[in-house]
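Below, each chain spelled out in residue letters.
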Amino acid sequence: MTVASSTTSASVIGPSWALVVAAVLVSGLLLAGPALRRRYPVAWWLLLGFPAVAFRVIHTWRPLMAGCGLAVSRRPALTVVSGLVGKGAPPPQPRVPRCGLIRPTSRGFVLLVRLLPGQVPEDFVKAAPAMAEGWQVHAVRATSWKPGIVRVVASAADPLAAPRVPKQRGPGHLLRVTVGVLETGAAWVLDLRRVPHWLIVGATRSGKSTLINALVAGLAPQPVALVGIDCKGGMELSLYEPRLSALATNREQAVRLLAALVGMTLDRMTVCRTARVRNIWGLPDEERPVPVVVIVDEIAELFLVASRNEKDEAQAAGTALIRLAQLGAALGVFLVVAGQRVGSDLGPGVTALRAQLGGRVCHRVADPGTAEMALGDLNPDALKAAQAITPEQAGTAVLASGDGWERARSHLITESEAEAVAAEYAHLTPVLSELHLEAP
Ligand SMILES: Nc1ncnc2c1ncn2[C@@H]1O[C@H](COP(=O)(O)OP(=O)(O)OP(=O)(O)O)[C@@H](O)[C@H]1O
Ligand SMILES: [Mg+2]
């Protein structure tokens, strides 16, 4: 008897204690939640945020799939049979894809979904915004994982709101610079050897010059020549003058500098041809000419024309830029072209130039035309993401290249920081005598 009663009381006390402990733990976590979220966002997400969102995903899965048109109706025959057999019974519910295992990541979660017959990954791509709303997360991306399976990746909060900035140490790899952070948390690396020419667009104060600051700060310690074309009177690029091998501050100078750059590129071509190599990287180290990165800030200043004389200059500048872009990659000349507005109204040269600039960075834009010019021919989804960037998110941009698109944010490198880096590495500035032009 005694044994039986003690067993009963132990089994009553056991679970009740466990409940009390669990309740204390949960309420402790909830109370400490905001502080935990601020100081240890990953721990907060894994302990509190993720379980709540995972519950929401499971709870809303069926209605969400049905609402997004991702439900597939049962075979009509089955419906008929069910009507005959189960008189008055509800008709069979449409099938929805099965929700795979929801796995947490440090900033969100990921799940795999097996497509039902007749479905394609694009159906999920279209439904991604509705999923983000339904699950109350920042963003959802759906990508094709392997045939028949879609990978759904959700990020709980905007990782670019307060990105953790990995600082680059030392000169790093030649022509490769970490300029910011990607939405995935990985470093945003601008690799000119992989994608040699870039177009950077964005409205005023959207972050173009800050990105150029980061690029120059990363390139300054490397054995490369930097050339600036800043037809806003040198307001932006003259900061780096000690580290620049040449700087043009008006259109007339720009035209002469670009012509000299084309001449230099053609000379390099002759060197390569004589050595029977296809590009400067095939030349022996001691013969290889120094790579030249040409930075153009405010392309519209080069192309906008008011008079006949200016039209000729603009045309000459445009033709030279296109030639540099066509020939440059193999001959060690790289272009980084920035502008607020890059529309076809600037002339046919702009459209032709754009086609040569394979790397695209689109910050917040003032007109859809510019975003379209930068991203539209590469990826329509990227276009939507770029148009959603708000003025508060300066430095945030959509990157697109042939491989796809992603969101990123540049490091906040201020003008004074960039100026200091340029001064520190001024002694590395290569002298390119062919670019030093006397005034006519
Ligand atoms: N990556 C960033 N992170 C945080 N703030 C940023 C970032 N990039 C830019 N900003 C903020 O936006 C401001 C304007 O940026 P920036 O000068 O680069 O714009 P811009 O596109 O070059 O403008 P403009 O066309 O007028 O020259 C900066 O002074 C800074 O305060
Ligand atoms: Mg600027």
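Look up a bit, the structure's there.
What counts, and where the lines are drawn
- Residues numbered from 1 in each chain as written.
- Chains lettered and ligands numbered in written order.
- Predicted model: local features only at pLDDT ≥ 70, side-chain atom pairs only at ≥ 80, totals over all residues.
- Heavy atoms only, no water.
- Salt bridge = Lys/Arg side-chain N within 4 Å of Asp/Glu carboxyl O.
- Helix = DSSP H or I, 4+ residues; strand = E, 2+ residues; numbered from the N terminus.
- Buried < 20%, exposed > 50% of the residue type's maximum accessible area, 1.4 Å probe, protein only.
- Donors = N, O, S within 2.8 Å, 3.2 Å for Na, K, Ca; no water.
- Pairing = 2+ DSSP bridges.
- Axes fitted to C-alpha atoms, helices over the stretch in contact; angles between N-to-C directions.
- Contact = heavy atoms within 4.5 Å.
- Core = buried A, V, L, I, M, F, W, Y, C linked by side-chain atoms within 4.5 Å.
- Expected span 1.5 Å × (residues − 1).
- Polar contact = N/O pair within 3.5 Å; in protein donor to acceptor, adjacent residues only side chain to side chain.

Participant: Can you break down the pattern of salt bridges residue by residue, with the values?
Facilitator: Side-chain pairs of opposite charge can arise where the charged atoms are in close proximity. Evaluated as defined, the whole model comprises 8 salt bridges. For E183, the salt bridge is made with R141, and the minimal N-O distance between the two is 3.9 Å. Note that E183 is positioned in the loop between β5 (176-182) and β6 (187-191) and R141 in strand β3 (residues 139-146), a separation of 42 residues in sequence. With a closest N to O distance of 3.0 Å, R288 and D285 form a salt bridge. A relative accessible area of 58% places D285 in the exposed class.

Participant: Could you give me a rundown of the coordination of the magnesium ion (ligand 2), with the residues and numbers involved?
Facilitator: S209 (OG) and E236 (OE) make up the full set of protein donors to the magnesium ion (ligand 2), lying at 2.0 to 2.6 Å. Remark: E236 occurs in the loop between β8 (225-230) and β9 (244-248) and S209 occurs in helix α5 (residues 208-219); sequence separation between them is 27 residues.

Participant: Now, about the sheet that holds strand β11 (residues 333-339): what can you tell me, with residues and values included?
Facilitator: As summarised here, the arrangement of the 10 strands in space is β6-β5-β14-β13-β12-β7-β11-β10-β8-β9, forming an open sheet in which the pairing is mixed. If you trace the sheet from one side to the other, it starts and ends with β6 and β9, each paired once. Averaged over all adjacent pairs, the angle separating strand axes in this sheet is 25°, with direction ignored. The pairing of β5 with strand β14 (residues 404-410) spans 3 bridges and is antiparallel. Bridge pairing in β14 links G180 to S410. On top of the sheet, α5 reaches β5, β6, β7 (197-201), β8, β10 (292-297), β11, β12 (359-362) and β14; it is set at about 140° to β5, its chief contact. Relative to β12, helix α10 (residues 368-376) is tilted by about 150°, and along the sheet it contacts β7, β12 and β13 (396-401).

Participant: Report on the nonpolar core, specifying residues and quantitative values.
Facilitator: Nonpolar side chains in soluble globular proteins tend to be buried together. With 53 residues, the main nonpolar core has L261 and L302 as its most contacted residues. For this core, the leading source of residues is helix α6 (residues 251-275), giving 8 residues. When sequence neighbours within four positions are dropped, the list of residues in contact with L261 reads V227, V292, V294, L324 and L435. Of all hydrophobic cores here, the second largest spans 37 residues; its members include W188, A220, L247 and V421.

Participant: Outline α6, listing residues and values.
Facilitator: With 25 residues, α6 extends 36 Å from end C-alpha to end C-alpha; this agrees with the ideal 36 Å at 1.5 Å per step. Among all positions of α6, only R251, A254, V255, L257, L258, A260, L261, V262, M264, T265, R268 and C272 are buried. Elements that come into contact with the buried residues of α6 comprise β8, β9, β10, α7 (300-303), α8 (308-331) and β11. The distance from a side-chain oxygen at the start of α6 to the backbone nitrogen of E252 is 3.2 Å, and the residue carrying that oxygen is N250. At the C-terminal side of α6, R276 shows a positive phi close to 55°.

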